[in-house]
Amino acid sequence: MNNYAAPVTKPLPYGGGGYGEEGYEQYNDGGGVSGNGAVAAGSGNGGNGGGGSSYDSYADSGYRGSWPSSRGGREGQSQGGPGGQSSYRRGDSYSSQPAAPQEDYNNGHGGPGPAPGNQNCVIMVYGLNTDTVNPDRLFNLLCLYGNVVRIKFLMSKEGSAMVQMGDSASVGRVINNLSNVQAFGKRLQFAVSKQAYLQEVHKPRSLPDGTPSFKDYSGSRNNRYMNPEAASKNRILPPCKTLHYFNAPPKMNEADIRDLFARCGGHPPDEVVIFPSKSFTGEKSSSGLVQWNNKTDAIEALMFVNHAEVENPDIYSDGKYPFIFKLCFSMNPISDERHGKE
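Source: prediction; values computed, not measured.

Q: Please explain unusual backbone geometry as it appears in this structure.
A: Positive phi values are uncommon outside glycine, yet Asn-247 reaches one of about 60°. According to the relative accessible area criterion, Asn-247 is buried, its value standing at 1%.

See below:
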């Protein structure tokens, strides 16, 4: 049985990092990329789980009047069908493709750090609008496809960044699902870097919005592939115009949801569906669907609002334990039948 330890913190047995398209950054950013160094564990960000970081998976059945079932509708019960087609039953969550084998997630070493000998974990990202996108907003998109270890925006090559993922399988998922998507007026491009990993930058420069150009996410609780059990709960889907939200306060209404997106800078959704409670005693969190008229607005909204803190309505929390509002792409759009229309 595999033991899942904390992220790797000792020097990794890689040789010298390649000096390809990003090698010059070593001299221009007070740290840059090195082929010999350690991956430092970052600090996690907590928040009220609101019943945990569950997806509160919902019944689908083609959205033909089927609402969440009290049985078997939890995250992590994806039923991948043959050939990558979804296969699901009422009350089950679904996946667009069969779940990846456990060894794809950090090769059994646990945590988001790269496993020894696991090469090609760094991605080059091009086409970023740095007036709007920062490491946190890029993380909010990439974390849907694998653990994010570190993100570094290249100050000497505007609109570019390097991202260290937890393993090479995550790199493949990012490239396969996000290449050529549009966000903030630009088209995103991804390529595998020659670098083995990113070295920590102790004094990162500031981006136009004042945030640092480098951030370590190796200890972030918002990474969703920390172990095979957590990884199996994710739906690997390409971007679309419909998002599934979860881990929201239990009584968050449609107006609250629209206001949250507006306050965070995203486009308010054009349609909102709130799933009814599965329990007569009430839920610890709520979930539902939000939809836009086009895919680009949905992508930008996700980058702004994913992992936003929402005030805990519990009078005993004293504002210390906010809900962490989470988003992912949904398999099906909100249909008229979902609203009970003819």
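Q: Can you help me understand the sheet that holds strand E10 (residues 286-291) in this one?
A: Hydrogen bonds between backbone atoms are what pair the strands of a sheet, whose relative direction is either parallel or antiparallel. Strand order in the open sheet formed by five strands is E9-E10-E8-E12-E11, with antiparallel pairing between adjacent strands. Two strands in the sheet have a free side with no partner beyond their single neighbour: strand E9 (271-274) and strand E11 (308-310). With direction set aside, neighbouring strand axes in the sheet form an average angle of 30°. Relative to E10, E9 runs antiparallel, the two sharing four bridges. Counted as the bridge partner of Glu-271 is Gln-291 from E10.

Q: Before we go on, may I ask you to explain the nonpolar core in this structure?
A: Most often, soluble globular proteins have nonpolar side chains that are buried together. Within the largest apolar cluster, 57 residues are counted, with the highest numbers of intra-cluster contacts made by Leu-138, Phe-261, Val-290, Phe-325, Leu-327 and Phe-329. Ranked by the residues each element gives to this core, the list is headed by helix H6 (residues 295-305), at seven residues. Here Leu-138 is in contact with Leu-128, Val-133, Ile-151, Phe-153, Ala-161, Val-163 and Met-303, once residues within four sequence places are set aside. Counting residues in each nonpolar core, the second largest holds five residues, with Val-122, Met-124, Met-162 and Leu-198 among its members.

Q: Looking at this structure, how should I read the pattern of salt bridges?
A: Any two side chains of opposite charge can pair, so long as their charged atoms come close to each other. According to the stated counting rule, one finds five salt bridges in the structure shown. Linking Glu-254 and Arg-258 is a salt bridge whose minimum nitrogen-to-oxygen distance equals 2.8 Å. Of this pair, Glu-254 and Arg-258 both sit in helix H5 (residues 254-264), four residues apart, which is roughly one turn of the helix. The closest approach of N and O atoms between Asp-259 and Arg-263, which form a salt bridge, is 2.8 Å. Of this pair, Asp-259 and Arg-263 are both found in helix H5, four residues apart, which corresponds to roughly one turn of the helix. On the basis of relative accessibility, which here comes to 39%, the residue Asp-259 falls in the partly exposed class. Each of the salt bridges in this network shares a partner with another, and the network as a whole consists of Arg-150, Glu-200 and Asp-216.

Q: Can you walk me through the sheet that holds strand E6 (residues 189-192) in this structure?
A: Spatially, E6-E1-E3-E2-E7 is the arrangement adopted by the five strands of the open sheet, whose pairing is antiparallel. The sheet terminates laterally at E6 and strand E7 (214-216), the two strands that pair on one side only. Each strand of the sheet is rotated relative to its neighbour by a mean of 20°, with strand direction disregarded. Two elements, strand E2 (residues 148-153) and E7, share three bridges in a ladder whose sense is antiparallel. Residue Lys-152 lies in a different strand from E7, and its bridge partner there is Phe-214. Contacts between helix H2 (residues 135-142) and the sheet are confined to E2, strand E3 (161-165), E6 and E7, with E2 contributing the most and set at about 140° to the helix. Where helix H3 (residues 168-178) meets the sheet, it contacts strand E1 (122-126), E3 and E6, and its direction lies at approximately 150° from that of E6.

Procedures and definitions
- Residue positions within a chain follow its written sequence, with the count starting from 1.
- Local features in this predicted model are restricted to residues of pLDDT 70 or higher, and side-chain atom pairs are both shown and tallied only at a pLDDT of 80 or more, whereas totals for entire chains, interfaces and linings draw on every residue.
- Where side-chain values are given, they derive from all heavy atoms of the structure, hydrogens and water being excluded.
- Each residue's exposure class comes from its accessible area (1.4 Å probe, protein chains only) as a fraction of the maximum for that residue type: buried when under 20%, exposed when over 50%, partly exposed otherwise.
- Each pair of strands is called paired provided DSSP finds at least two bridges between the two strands.
- Numbering of helices and strands runs from the N terminus; a helix is a DSSP stretch of H or I covering at least four residues, while a strand is a stretch of E covering at least two.
- Whenever a helix is involved, its axis is fitted only over the stretch in contact; in every case the axis is a line through C-alpha atoms, and angles between N-to-C directions fall within 0 to 180 degrees.
- Buried Ala, Val, Leu, Ile, Met, Phe, Trp, Tyr and Cys residues that are joined via side-chain atoms within 4.5 Å together make up what is termed a nonpolar core.
- When checking whether two residues touch, look at their non-hydrogen atoms; a contact exists if any pair is within 4.5 Å.
- Salt bridges are counted wherever a side-chain nitrogen of Lys or Arg sits within 4 Å of a carboxyl oxygen of Asp or Glu.

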